[in-house]
Amino acid sequence: MFGSRSRFFTCCLCLALCSLAGAAELRLAVLPNGGLAHIQVESIRERRFSNLVEQQTDFSCGAAAMATILNQAYGLALREEDVIRGMLASADADLVRTQGFSMLDMKNYAATLGLRARGYRIDAQQLDSIKIPAIVLLDVRGYKHFVVLQRTYRGYVYIGDPVLGHKKMGLSEFSKGWNGIVFALIGPGYDRENALLTPPEPLTAKRRIDHFSPVRDAELMEFGFIQSDFF
């Protein structure tokens, strides 16, 4: 009987969680004498886009990726439209409407924030040496799409896609659509323990990555940081 009740309770809980459109507080009468337990829950959609800025227009994947890194790695609080407005200040608006933003547009905007932007051409096997989140350009069925490269671990690449949210791709699959360039923002205020470096595992995974450790100054300096960026 207890087992049946337990299964019934679990089923009801799952149905309740699935019905939630966003994060909320779930109240369950499971305590003695009918007392309520308050449980904070997160929808599948919110989990998929946790710590990411979602793309709102057809041409703004670059702006959303920039906003994600600026917010999470540099502590800013930017909306996608803030970044779009900032990049349009020095970009060709007609070209943006047809082709989207370029890495040059991103570089110029980063400079207005006191940050340096660097592009690095590397081999796929060197991706795991990258110690900071970066932006990469993927070819998705002929469509050029900017995403955030969060980390590479044990043959998998973890990306923050402004359209699809968090994704985990095999290195070989990722390499097929990647142009071989990583675009990084470098400068003062960088949070070396930012949330992008510990992306969530897919919901079907049995455990999260637990091998993250803070990046040393020497490793960041190899990637373009200077000593003054740490003060």
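For the structure, check the block above.
Residues numbered from 1 in each chain as written. Predicted model: local features only at pLDDT ≥ 70, side-chain atom pairs only at ≥ 80, totals over all residues. Heavy atoms only, no water.

Asks: How would you summarise the overall build of the protein chain if you had to cite specific residues and measurements?
Replies: The number of helices and strands found in the protein chain is eight helices and eight strands. A total of about 13200 Å² of accessible surface is found on the protein chain, and carbon and sulfur atoms cover 54% of it. (Helix = DSSP H or I, 4+ residues; strand = E, 2+ residues; numbered from the N terminus. Areas by Shrake-Rupley, 256 points an atom, 1.4 Å probe, with all protein chains shown as cover.)

Asks: Got a sec to walk through the side chain of Q150? Specific residues and values, please.
Replies: Along the chain, Q150 falls in strand β5 (residues 143-153). On the basis of relative accessible area, Q150 is assigned to the buried category, the value being 2%. Leave out the neighbours within four places in its chain, and Q150 touches P133, Y158, I159, G160, H166, L196, L197 and P199. (Buried < 20%, exposed > 50% of the residue type's maximum accessible area, 1.4 Å probe, protein only. Contact = heavy atoms within 4.5 Å.)

Asks: Just give me the short version of the sheet that holds strand β6 (residues 156-161), but keep the residues and values in it.
Replies: With respect to topology, six strands assemble into an open sheet ordered β3-β8-β4-β5-β6-β7, the strand pairing being antiparallel. Single-partner strands in this sheet number two, and they are β3 (116-121) and β7 (165-170). In this sheet, neighbouring strand axes are inclined to one another by 35° on average, regardless of whether the strands run parallel or antiparallel. Bridge analysis of β6 against β7 gives six bridges, and the strand direction is antiparallel. Among the inter-strand pairings, Y156 is bridged to a residue of β7, identified as G170. (Pairing = 2+ DSSP bridges. Axes fitted to C-alpha atoms, helices over the stretch in contact; angles between N-to-C directions.)

Asks: Can you break down the packing of aromatic side chains residue by residue, with the values?
Replies: The geometry of an aromatic ring pair is captured by two quantities: the separation of the ring centres and the angle between the planes. Scanning the model with the defined rule gives four aromatic pairs in all. Through a chain of ring-to-ring contacts, the aromatic side chains of Y74, Y190 and F225 assemble into a single cluster. Positioned over the ring face of Y156 is K168, at 4.4 Å from the centre of the ring. (Phe/Tyr/Trp six-rings, centres within 6.5 Å; stacked < 30°, edge-to-face > 60°. Lys NZ or Arg CZ within 6 Å of the ring centre and 35° of its normal.)

Asks: So, unusual backbone geometry: which residues are in play, and what are the values?
Replies: Unlike most non-glycine residues, R141 shows phi in positive territory, near 55°. Looking at the element boundaries, R141 is found in the loop between β4 (134-140) and β5. Its relative accessible area of 83% is what places R141 among the exposed residues. Despite not being glycine, R154 shows a phi value in the positive range, around 50°. Considering the arrangement of structural elements, one finds R154 in the loop between β5 and β6. The class of R154 is exposed, set by a relative accessible area of 65%.

Asks: With reference to specific residues and values, describe the pattern of salt bridges.
Replies: In a structure, side chains of opposite charge can pair up when their charged atoms sit close to one another. Throughout the structure, instances matching the rule amount to nine salt bridges. A salt bridge links D139 to K144; the nearest nitrogen and oxygen atoms lie 3.1 Å apart. Through salt bridges that share partners, R79, E81, D82 and R85 make up one connected network. (Salt bridge = Lys/Arg side-chain N within 4 Å of Asp/Glu carboxyl O.)

Asks: If you had to explain the nonpolar core to someone new, which residues and values would you point to?
Replies: Counting 59 residues, the largest nonpolar core has M66, L127, F174, W178, V182 and L185 as the members making the most contacts within it. Counting residues per element, the ones that place at least two in this core are α3 (61-74), α4 (80-88), α6 (103-112), β4, β5, β6, α7 (171-177) and β8 (178-186). The element best represented in this core is α3, accounting for 10 residues. For M66, the contacting residues outside a window of four places in its chain are V83, M106, Y109, A110, I135, F183 and L185. (Core = buried A, V, L, I, M, F, W, Y, C linked by side-chain atoms within 4.5 Å.)

Asks: Please set out the side chain of D161 residue by residue, giving values where relevant.
Replies: Among the secondary structure elements, D161 is positioned in strand β6. The contacts of D161, once residues within four sequence positions are left out, are F49, L52, H145, V147 and K167.

Asks: Break down the environment of M87 for me, citing the residues and quoting the values.
Replies: Here M87 lies in helix α4. For M87, a relative accessible area of 0% corresponds to the buried category. Through-space distance from the C-alpha of M87 to that of F101 is 8.0 Å; in sequence the pair is 14 residues apart. The contacts of M87, once residues within four sequence positions are left out, are G62, A63, F101, D105, M106 and Y109.

Asks: Please provide a residue-by-residue account of the packing of α3 against α4, values included.
Replies: Each pair of packed helices can be described by the angle between their axes along with the distance between the axes. It is at 8 Å that the axes of α3 and α4 come closest, and there the two elements cross at 115°. On the basis of the axis angle, α3 is roughly perpendicular to α4. Relative to α4, the crossing made by α3 is right-handed. Residues G62, A63, A64, M66 and A67 of α3 form the contact with α4, whose own contacting residues are E80, V83, I84 and M87. (Parallel < 35°, antiparallel > 145°, perpendicular 65-115°, else oblique. Left-handed = near helix turned anticlockwise from the far one by under 90°.)

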